[in-house]
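Single-letter residue listing:
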Amino acid sequence: MFLKADKGNTSVAMHRDSYNNKMRQQLSDTNTYRIAKYDLCNSLQTRVNKLTFNWFTSKLINKNLHRSISTYNSVPPRAYGLPKIHKEEVPLRIIVSFVNSPTYALAKTINSWLTTNITPPTSRVKDSFSLGDTIKTLIIPDNYTLISLDVISLFTNIPTDLALRAVNNRWASLENKIPIPLIEPDTALKICFDSAIFKFNNDTYAQQFGLPMGSPLSPILSDLVMEDLETSCINNLDFDLPFYFRYVDDILTAVPKEKIDHTLNTFNRYHPRLQFTIETEENNAIDFLDVLLIHNNNNIKTDWFHKKTWTQRYLNFNSHHPMSYKIGTIINLVDRAIKLASTEFQEKNLSLIYNILRWNDYPHGLLHKHINKRHTYINNLPDNNIDSAPADDNNRPATTFIPIPYVSGLFESLNRLFTKHNVKFVGKNSKDLQIVFDSGKDRIPMGKRSNVVYKIPCNDCNQAYIGQTGRHLNTRIKEHQRNVQENEERHTALTKHVINKQHTFSYDNTNILCEEPNYYKRLLLEMCNIVGHTNSVNLRQDVEHLSNIYKPLISAHISHIV
């Protein structure tokens, strides 16, 4: 199997048996997981639909939101593992994919309500740049040392009762911004907690404690619990912290040297499942995110820090991508080299960038030009603040971004041509290395797949029926089988072929031609496939809405394949 590592831009080759054994080892932790008899997919789907229907009939939500949250073609969540290559024995971090699960849309909606309307705490670090800008102005008192705290397995150790309490405690600031009353989010959250039942290797597991990593709700709920935790723990310390920063579950602060153990114990007493590890500065330095903080007397110097998992692998210059993406890679690295480092380290970092990108096949001239250009640009900004660059004119019409397959030369010409119309094309590759990676998840049975264009071959001739459905494929196939019993005006082209030719169709050999969640795009793909398959039994009206401009393109594509 080829997998993506848990951290770092690294690919991992692992034998499938080893992967499965490591997953089972993680799932055997009875404090967190247990074997379940049923996946509860259908019952959860019913609960979600009943809840949202009540919201709709009570006029708490509109029709569009009700439609987007309701689900009828869900599949059970599926677990997979990401290798932790930075740890001994390379254990796996278990992630649960909730995409297309019964509670996925509901969880995304609640997450949107909470993240939009809750003011983040002042302790939260937005990114490395904001940390670097802030930390360099701070003073560390005498006899204080830098420390970092980290929660062990945050999501799976967040008590759900603390998550509910965190939302309830903030309801006074939310009740006028969220369309549903307090009792309803509690009900919805409990449904989402009950959804932590997932499949792996055709077995069903239930997460019996904590929040599942992979649910859209887990990040915001964990953040709220961490905010409550830090407020309580800081108040219980018997000394003042000169500063306190947190990024998810990573905490950076400074404490008196004799209070290191007291600080760790104070945080670990908050809840028996929320336990922290601690790191202290070594040789007057400690890393946090990708910033190295150097304790220099009572001040802090910074440098760009690279984790052990850093591969130095970036977008290769010879790859089939727009030149703007490659220049953007240079600019992004220069920003980090300068903004994350004190002046004395910047030249070293710029030399490192040059050598790394040369290794990634970037030409000397291009690197020299854009590294110097970006360096000069940053130095001329007030306080070297990238964020202080002038914003676009508010009176200028908004730019429309359109993704298209990247074709060298044509892509650049289209962007030049459409600039005056405030249209910008974004290049994408239809095929990349993603196709060789294994997700590690159980495959969804073909009959449970939805949002597909499919082909059903005839048993008695070389023709086939092509259709599309947003529901489970099995559901649509059963409708085809029953269609012969319905009134003639409701007969599909498949049924007419069965009756007129006395033929049968091979439903067991149904093929999925493509997947597309967008209904209108799926209709277009269905029509294109009908035109492309000259032996289809579909009727003329099945493609009457297909523009004629597509037909020569489809014909050219088919002839190219032949």
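Each value, and the rule that gives it
- Residues numbered from 1 in each chain as written.
- Predicted model: local features only at pLDDT ≥ 70, side-chain atom pairs only at ≥ 80, totals over all residues.
- Heavy atoms only, no water.
- Helix = DSSP H or I, 4+ residues; strand = E, 2+ residues; numbered from the N terminus.
- Buried < 20%, exposed > 50% of the residue type's maximum accessible area, 1.4 Å probe, protein only.
- Contact = heavy atoms within 4.5 Å.
- Areas by Shrake-Rupley, 256 points an atom, 1.4 Å probe, with all protein chains shown as cover.
- Core = buried A, V, L, I, M, F, W, Y, C linked by side-chain atoms within 4.5 Å.
- Patch = residues over 30% accessible without salt bridge, like charges linked within 9 Å, V, L, I, M, F, W, Y side chains within 5 Å.
- Salt bridge = Lys/Arg side-chain N within 4 Å of Asp/Glu carboxyl O.
- Expected span 1.5 Å × (residues − 1).
- Arc of directions from axis to C-beta.
- 1 Å grid on protein atoms, 1.4 Å probe; cavity = no way out; pocket = protein on both sides within 12 Å on 5 of 7 lines; lining within 4 Å.
- Points joined across faces, edges and corners; volume = space filled by probe spheres on them.
- Polar contact = N/O pair within 3.5 Å; in protein donor to acceptor, adjacent residues only side chain to side chain.

## Quick notes on the overall build of the protein chain
Across its full length, the protein chain carries 18 helices and 19 strands. When the backbone C-alpha atoms are referred to their principal axes, the protein chain occupies close to 95 × 60 × 55 Å. Within the protein chain, buried positions represent 45% of all 562 residues. If you take every contact in the protein chain between residues at least 6 apart in sequence, the share linking residues at least 24 apart comes to 69%. Put simply, the protein chain shows about 30900 Å² of open surface, and 50% of that area lies on carbon and sulfur atoms.

## Observations concerning the nonpolar core
Grouped together as the largest cluster of nonpolar side chains are 84 residues, with contacts concentrated most on L114, L221 and F243. The residues touching F243, leaving out its near neighbours within four places in the chain, are I135, L138, I140, L146, L252, T253, A254 and I300. M1, M23, L92 and F98 belong to the second-largest nonpolar core, a separate cluster that totals 17 residues.

## A few points about a nonpolar patch on the surface
On the surface, a nonpolar cluster with roughly 330 Å² of combined accessible area is contributed by L433, I435 and V436. Among the structural elements, L433 can be located in the loop between β16 (423-428) and β17 (452-457). When its relative accessible area of 62% is taken as the criterion, L433 is described as exposed.

## Concerning unusual backbone geometry
Despite not being glycine, K59 has its phi angle at roughly 65°, a positive value. Within the element layout of this structure, K59 appears in the loop between α2 (41-57) and α3 (63-69). Classification of K59 by relative accessible area gives exposed; the value is 75%. Within the chain, N283 stands out as a residue other than glycine whose phi angle is a positive 55°. In this fold, N283 is placed in the loop between β11 (276-280) and β12 (285-288).

## A short note on α2
With 17 residues, α2 extends 24 Å from end C-alpha to end C-alpha; this agrees with the ideal 24 Å at 1.5 Å per step. Burial in α2 covers these residues: C41, L44, Q45, V48, N49, L51, T52 and W55. Looking down the long axis of α2, one finds its buried residues gathered within 165° of arc, a one-sided arrangement. Every exposed residue of α2 that faces more than 90 degrees away from the buried side is listed here: N42, T46 and K50. Check the buried side of α2 and you find it contacts α3, α4 (104-117) and α8 (183-194).

## Thoughts on empty space enclosed by the protein
Considering all chains together, one arrives at two cavities of 30 Å³ or more under this definition. Lining the largest cavity, in full, are I110, W113, L114, V167, W171, I178, I180, P185 and L189. Top element by residues in the lining of the largest cavity is α4. It accounts for three residues. Taken as a whole, the second largest cavity spans an internal volume of roughly 40 Å³. Forming the walls of the second largest cavity are C192, F193, L211, P212, S215, L217 and S218.

## Topic: the side chain of H491
Along the polypeptide, H491 turns up in the loop between α15 (473-483) and α16 (493-501). A distance of 2.9 Å separates a polar side-chain atom of H491 from the backbone oxygen of E486. In this structure, H491 is in contact with N483, V484, E486, K496 and I499, ignoring residues within four places of it in sequence.

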